[in-house]
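Structural features, examined
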Amino acid sequence: TIERFVPDILLSASIFPKGTGLEKIILHFSKTNYRFLSGEFEKCRQEILKGSTAVGALEKMKERNDSIVLGRAIDLVLGGINSGADVSAVFKETAADLFETGAILRERVASLTIEKYTLLIAGGILVPAILGVLTGMVLSLNFDALSEIGIGLSLSEKKALIDAAMFASPIYLAEYSLIASFFVAFQEGDLKKGIVYAAALVPLSLAVYFFVPGFF
């Protein structure tokens, strides 16, 4: 939430006239409606009232939040104030870059979320349902009639092939669910979640696989 409002802070900083004191900027931001970020500037204001320097108060803000985005914005503001230069254009350009970066990150998060749920739904429902439907269709076919007219494999060979497929399908589904679970966990940066996903996905996929043929 704090990082989302950093570009707004930079845009606001760009409108201050050259030579504006840092204490005045902190006071202004402490009264704005930037939620937690305004609260952080209020803490800075309180520290200044207790005798801290404005620079020291902002440095403590960086340490409290441990945010690269906020830290760079504070460094930029401090650098602009200390240099005495007209840095409004720099603030505006940096804010625009942060807005664009934020938009790209949001698109990436949305894309990864869609991919995540696609893998989980496919592993838990779609793939086992399709295999279950195909299994039900195959088992309903009359292979005896085909064998009698000499088409294809013998009846015993067909039975052995079907048994092998029936044995392999649940194993394939379990492997697919495990791979999907740990791949999603890897994307989220926490492989331990793979165990949680697998614990739900593997039983679900097998239940769907064995349940679906009953409809056919």
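Residues numbered from 1 in each chain as written. Predicted model: local features only at pLDDT ≥ 70, side-chain atom pairs only at ≥ 80, totals over all residues. Heavy atoms only, no water.

Observations regarding the overall build of the chain
Helix and strand counts for the chain stand at 9 helices and 0 strands. Written out in order from the N terminus, the α and β elements of the chain read α-α-α-α-α-α-α-α-α. For the chain, the proportion of its 216 residues judged to be buried stands at 33%. Considering only residue pairs separated by 6 or more positions, the chain has 61% of its internal contacts joining residues 24 or more positions apart. By element, 66% of the accessible surface of the chain is carried by carbon and sulfur atoms, the whole surface being about 13,300 Å². (Helix = DSSP H or I, 4+ residues; strand = E, 2+ residues; numbered from the N terminus. Buried < 20%, exposed > 50% of the residue type's maximum accessible area, 1.4 Å probe, protein only. Contact = heavy atoms within 4.5 Å. Areas by Shrake-Rupley, 256 points an atom, 1.4 Å probe, with all protein chains shown as cover.)

Description of the packing of aromatic side chains
Under the criterion given, the structure shown has 4 aromatic pairs. Measuring from centroid to centroid gives 5.0 Å for F29 and F41, while their planes differ by 50 degrees, and the two rings are tilted. Here F29 is found in helix α2 (residues 22–30), whereas its partner F41 is found in helix α3 (residues 36–49), with 12 residues between them in sequence. A relative accessible area of 1% places F29 in the buried class. Judged by its relative accessible area of 6%, F41 is buried. Centroid distance Y209 to F210: 5.0 Å. Interplanar angle 70 degrees. Geometry classified as edge-to-face. On the accessibility criterion, Y209 (2% relative accessible area) is buried. Classification of F210 by relative accessible area gives exposed; the value is 53%. (Phe/Tyr/Trp six-rings, centres within 6.5 Å; stacked < 30°, edge-to-face > 60°.)

Considerations on the pattern of salt bridges
Here the structure, examined in full by the defined rule, presents 8 salt bridges. The partner of R45 in a salt bridge is E42, with the nearest N and O atoms 2.9 Å apart. Within this pair, R45 and its partner E42 are both found in helix α3, separated by 3 residues, close to a single helical turn. The exposure class assigned to R45 is partly exposed, which follows from its relative accessible area of 26%. (Salt bridge = Lys/Arg side-chain N within 4 Å of Asp/Glu carboxyl O.)

A few points about the environment of L131
Positionally, L131 belongs in helix α6 (residues 88–140). Considered as a pair, L131 and V208 are 77 residues apart in the sequence and their alpha carbons are 9.5 Å apart.

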